[in-house]
Amino acid sequence: MNIPFVYAGGQEQTLKIGLVGCGGRGTGAADNVLDSSENVQILALADMFPDKIEKTRKVLKAKDHPGVKIQDDFCFAGWDAYKKILESGIDYVMLCQPPGFRPQHFTAAIEAGKHVFFEKPVAVDPVGVRKVIEMGEKAKAKNLGVIPGTQSRHTPRIKETVQRIHDGQIGEIVSGRIMFNTGYLWEYPRKEGMSDMEWQIRNWYYFDWLSGDHIVEQHVHQHDATDWVMQAHPVQATAVGGRQMRTEELYGNIFDHFCVDYEYPKGVHVMSMCRQWKGVPGEVCAIFTGTKGTAYIHGPKSGTITGEKPWEFKPGPKDVGPSGKEINGQIFEHRDLIASIRAGKPLNEARRIAETSLTSILGREAAYTGKTIRYDDLMKSDLDLSPKKYEFGPNEARPVRRPGSV
Amino acid sequence: MSDPISRRNFVKTGATALAASTSLACSAPLVHVAGQEQTIKIGLVGCGGRGTGAAENCLNSSDNVQIVALGDMFPDRIKGSQRTLSKLPGYKVNDDNVFTGWDAYKKVVDSAADLVLFATPPGFRPIHFAYAVEKGKHSFLEKPCGVDPVGVRKVIETGKKAAAKKLAVVAGTQYRHQTSFVETMKRIHDGQIGEITGGRAYYNAGTLWARTRTEKMTEMEWQLRMWIYYDWLSGDQPVEQHIHTIDVTDWAMGARPVKCVATGGRQVRVEPEFGNVYDHFTMDFEYPGGKHVMSMCRQMANVDNHVGAYFTGTKGEADVYKAEIKGEKPWKFEGEISIAKAYVQEHADLIASIRNGKPLNEAEHVAHSTLTAILGREAAYTGKSLNWADMLKSDLDLSPPKYEFGENPVRPVPKPGTERA
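Since the model is a prediction, treat every value here as computed from it, not as a measurement.

Peer 1: Which residues make up the overall build of chain A, and what are the values?
Peer 2: What chain A contains, in helices and strands, is 13 helices and 15 strands. Computed over its C-alpha atoms, the radius of gyration of chain A comes to 21 Å, within 12% of the 22 Å expected for a compact globule of 406 residues. Counting over 406 residues, chain A shows a buried share of 54%. Contacts in chain A between residues far apart in sequence, at least 24 positions, make up 75% of those at least 6 positions apart.

Peer 1: Mind laying out the overall build of chain B, listing which residues take part and the relevant values?
Peer 2: Along the backbone of chain B there are 14 helices and 15 strands. Computed over its C-alpha atoms, the radius of gyration of chain B comes to 21 Å, within 12% of the 22 Å expected for a compact globule of 421 residues. If one aligns the C-alpha atoms of chain B with their principal axes, the spans along those axes are about 65 × 55 × 40 Å. Counting over 421 residues, chain B shows a buried share of 53%. Contacts in chain B between residues far apart in sequence, at least 24 positions, make up 77% of those at least 6 positions apart.

Peer 1: Break down the pairing of strand E5 (residues 138-141) of chain B for me, citing the residues and quoting the values.
Peer 2: Residue and element names in this part refer to chain B. Judged by which residues are buried, E5 turns out to be covered on both faces: His138 and Phe140 on one side and Ser139 and Leu141 on the other are all buried. As judged from the 4 bridges shared by strand E4 (residues 115-118) and E5, these two strands associate in the parallel manner. Bridging across to E5, Leu115 finds its partner in His138. Between the parallel elements E4 and E5, the chain passes through helix H5 (residues 125-134) in a crossover that is right-handed. Here E5 runs beside strand E6 (residues 169-171); their pairing, made up of 3 bridges, is parallel. When the sheet's bridge partners are listed, Leu141 is paired in E6 with Ala171.

Peer 1: Explain the sheet that holds strand E3 (residues 98-100) of chain B to me, using residue names and the numbers behind them.
Peer 2: Residues and elements named next belong to chain B. Strand order in the open sheet made by the 6 strands is E3-E2-E1-E4-E5-E6, with parallel pairing throughout. In the strand order of this sheet, the two ends are held by E3 and E6, each with one partner. For this sheet, the mean angle separating the axes of adjacent strands, direction not counted, is 20°. Inspection of the sheet shows strand E1 (residues 40-45) paired to E4 by 4 bridges, in the parallel sense. Across the sheet, the residue bridging to Leu44 is Leu117, located in E4.

Peer 1: Talk me through the interface of chain B and chain A; I want residue IDs and the actual numbers.
Peer 2: The partner chain A presents 30 residues to the 31 residues of chain B that form the contact. Ranked by residue count, the leading element in the side of chain B that touches chain A is strand E10 (residues 291-299) of chain B, at 4 residues. For the side of chain B that touches chain A, the per-class residue count stands at 8 nonpolar, 16 polar and 7 charged.

Peer 1: Give a detailed account of unusual backbone geometry, specifying residues and quantitative values.
Peer 2: Residue Pro121(A) is reached from Lys120(A) by a cis peptide bond, and omega for that bond is -20°. Relative to the elements of secondary structure, Pro121(A) occurs in the loop between strand E5 (115-118) and helix H5 (126-141). Residues Lys143(B) and Pro144(B) are joined by a peptide bond in cis, for which omega reads -20°. Of note in this structure, Gln231(A) is not a glycine but carries a positive phi near 55°. Mapped onto the elements, Gln231(A) comes out in the loop between helix H10 (220-230) and strand E8 (236-242). For Gln231(A), a count of 12 C-beta atoms within 10 Å gives the class exposed. Phi angles above zero are rare outside glycine, and Asp236(B) is one such case at about 75°.

Peer 1: How would you explain the nonpolar core if you had to name every residue and give the values?
Peer 2: Ranked by internal contacts, the top residues of the largest apolar core, which has 217 residues, are Leu19(A), Met94(A), Ile42(B) and Leu117(B). It is helix H13 (residues 363-382) of chain B that provides the largest number of residues to this core, a total of 10 residues. Leaving out residues up to four positions away in the same chain, Leu19(A) has contacts with Gly26(A), Ala29(A), Ala30(A), Ile42(A), Leu45(A), Ala46(A), Met94(A) and Cys96(A).

Peer 1: Mind laying out helix H2 (residues 50-63) of chain A, listing which residues take part and the relevant values?
Peer 2: All names here are of chain A. Its 14 residues give H2 an end-to-end C-alpha distance of 20 Å, which sits within 8% of 20 Å, the value for a rise of 1.5 Å per residue. The set of residues buried in H2 consists of Lys52, Ile53, Thr56 and Leu60. End-on view of H2: buried residues confined to an arc of 100°, all on one side of the axis. Counted as exposed and oriented over 90 degrees from the buried face of H2: Asp51, Lys58, Lys61 and Ala62. In the core, the buried residues of H2 are packed alongside helix H1 (24-36), strand E2 (40-47) and strand E3 (75-77).

Peer 1: So, the pairing of strand E13 (residues 324-327) of chain B: which residues are in play, and what are the values?
Peer 2: Residues and elements named next belong to chain B. When strand E12 (residues 316-319) meets E13, the two strands line up antiparallel, connected through 4 bridges. Within E13, the residue paired with Gly316 across the bridge is Gly327. The antiparallel hairpin formed by E12 and E13 contains 4 residues in its connecting segment, where Ala323 sits at a positive phi of about 50°. As paired strands, E13 and strand E14 (residues 331-332) are joined by 2 bridges and run antiparallel to one another. Across the sheet, residue Glu324 finds its bridge partner in E14, namely Lys332. Hairpin geometry of E13 and E14 is characterised by an intervening segment of 3 residues between the two adjacent antiparallel strands.

Peer 1: Let's hear about the domain arrangement of chain A: which residues, and what values?
Peer 2: Residue and element names in this part refer to chain A. On domain assignment, one finds that chain A holds domain 1 (15-152 + 332-350) and domain 2 (156-320 + 356-379). With 14 residues of domain 1 in contact, the opposing surface of domain 2 contributes 20 residues. Here the residues of the side of domain 1 that touches domain 2 are counted per class, giving 9 nonpolar, 3 polar and 2 charged.

Peer 1: Help me get a handle on the domain arrangement of chain B, residues and values and all.
Peer 2: All names here are of chain B. By domain assignment, chain B separates into domain 1 (4-175) and domain 2 (180-335 + 365-393). When each unit is reduced to the centre of its C-alpha atoms, the spacing between domain 1 and domain 2 is 27 Å. At the junction of the two partners, domain 1 supplies 19 residues and domain 2 supplies 23 residues. Broken down by element, the residue count for the side of domain 1 that touches domain 2 peaks at 5 residues, all from helix H6 (residues 149-164).

Rules used throughout
- For every chain, the first residue of the written sequence is number 1, and numbering continues from 1 along that sequence.
- Naming scheme: in the order in which they are written, chains are lettered from A and ligands are numbered from 1.
- Per-residue local features are limited, in this predicted model, to residues with pLDDT of at least 70; the limit for side-chain atom pairs, both in listing and counting, is 80 or more; totals at the level of whole chains, interfaces and linings are taken over all residues.
- Here a helix means four or more residues in a row that DSSP labels H or I, a strand means two or more in a row labelled E, and each is numbered from the N terminus.
- When we talk radius of gyration, it's over C-alpha atoms, and the globule rule is simply 2.2 Å times the number of residues to the 0.38.
- For every residue, the other C-beta atoms within 10 Å of its own C-beta are counted; 20 or more classify it as buried, 12 or fewer as exposed, and values in between as partly exposed. C-beta atoms are placed from the backbone.
- Distance between backbone-placed C-beta atoms decides contact: two residues are in contact if it is within 7 Å.
- Pairing between strands is defined by DSSP: at least two bridges between them are needed.
- Crossovers are marked right-handed if the path from the first strand over the helix to the second runs clockwise, as seen with the strands pointing away from the viewer.
- Note on definitions: angles span 0 to 180 degrees between N-to-C directions of axes, and those axes are lines fitted to C-alpha atoms, for helices only across the stretch in contact.
- Throughout this entry, Asp, Glu, Lys and Arg are counted as charged residues, while Ala, Val, Leu, Ile, Met, Phe, Trp, Tyr, Cys and Pro are counted as nonpolar. The remaining residues, Gly among them, count as polar.
- One nonpolar core equals one set of buried Ala, Val, Leu, Ile, Met, Phe, Trp, Tyr and Cys residues connected by C-beta atoms within 7 Å.
- Working rule for helices: expected span equals 1.5 Å times residues minus one.
- Here the arc refers to the directions that run from the helix axis out to each C-beta atom.
- Domain start and end points were adopted from an automatic or database domain assignment.

So, in structure tokens, the structure goes:
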């Protein structure tokens, strides 16, 4: 029987951590958590594939941090790896496999009584979103900490800007513009003899059931910022999107560009554009305009307000590291979660990130279908992208969507 | 390879018209003469749906207007137009004033017409307009007035010549002549929504028509018949259709955009018969002062459609198509909101301006609006952030190597981030 880890009688217990999902972001999260707090140890690793685990082990070993304590028999591979790691004596699990697995993994972690850091997004369909909300409530009842990897929420520069927006520094918000225009990412060409399922998981970014498409997987950061700034979810969305550059089979069944017109309460619209096109300039931003000014959340002017009451964020002593550079939100998010656990008042952001994941899914589905879709309707939807069987073997992906056809 | 019958007809009618035109070469611009209302004779170039509609609108717009000449590439299109127009009292087109083929536009300009309505695919507009002004004719130019910056510059240049010759030029951006739009814009510009902060514009429409290819059709004929699906003929949806909402946007913002970033693609109409255009776009236009307008358009079946333009300000929001302002000083247009009337009004204004000797000249305005649409299209086609001022200087020229029936290889469907042939 595991009991939630708490700060006991003034003495700081060592926090034992396990990582599920040894990709780039998972390995990064492990690195971040070690840098975030005192007395933390990474004890165990899990992934579908042993080669991924080995790679992460090497990276963490090279970090030469006293908290890296991974023994051979604390490395778990295969479909049940996420269950085994929960039985390995850890207190805090970081769920970083492709997002399609997140609701299942989160459920197991909460049932096993672990504190959870889970990467964004936390679901790829409404069924998964509802599962995460339900388990988030269970986590609350069990006094477990839960936070997602939407690091802006823990970045001082951004926190203060949003606070100022909420305090009225740009007046009433009239519109917003968010973008994640970027280049190509990695890809994993299929090897001979590889089953559909193995190839899809190795090449997970390009399959809707695993990544949720790039609008959900990547642009969710700006959707989260928007829901935060607006203090609401969108009412509805209208969108266009398609697959114009990455048309090869290698790129599975996702789009390479989207543009969503989100309508928030009081008729405020936010334009959300994202694309993964190579050879063209990128732009990442989240900018909100009000009756008295404009606030810059993401992008080169992040932490700035222009207009009647101009302001620029100046980092305080707590916001910078030894090098003088601002501390990354990806470190702060673990620091905040661990501090909240140690204080016996664990943060629980499960509902919030589940609801924001649905904002991203809303934009995707509006583009996939060509329909104007209401957030509340989608929240009730039976859309479930999960595969028939979780096992290696055949697994037919849905065809690339053509709006207007079922 | 070309259709022998239509070619023969074209040569014959061409020769007749050439003989006729010499006697009319010195026709002077028509003006109001000493209180007496002269009959205005019009010619139509481009007998498709919009051309026929424009001619009908023009005849209904004012007294003493007659249509005297018709031109189109194809005889069958002329017949379709005649079925509608011949029922109107102003229809005075003799058989020898009906012209087909590549030079039909010259024959119409050279006919007795004082005013020529140009409604062929927009790729031809700069050439046709230049000829009309050279020959001293008033022009009505359907929107858009070009498909590339080279064409846009030609229209601007021709527009200046028209001004020097006191020739009228009105463009088919009919909202500029629609009372509900004019009244709403006046209020936006008078500050009724405060300082404009940005806006959004939509042309989310359904699919359009398609033709069937016959065996004897050359590639060039096929492209002309399916012109909306070829970039060099239609300019693609932002230019051909969404131009209305783009023009409204430039009008509301009181400026041309500084630059544009866009996405777009071809997700539904992917079959080769749909030429080389996209089926959806979204443009993020940036206007002076860092103000942004989201501009979205698509042509897809079985999806939710929406056409409109909305502008937000520090004191309210304007819905231009519904002629309504919400916010601190709410207002709603009381009259009838009628696009049908606007289609007629633009001709009434054009003809009145000819008669009162103060010819309207909208050439530069519609050329600039066309350029805004081209900017949006090219931002999507290339994936680049493009400046309006640079686009105006660009050498991009989509015209085909030869204007004749035969082969005409088209550019491939654009893939952003790659150079197009």
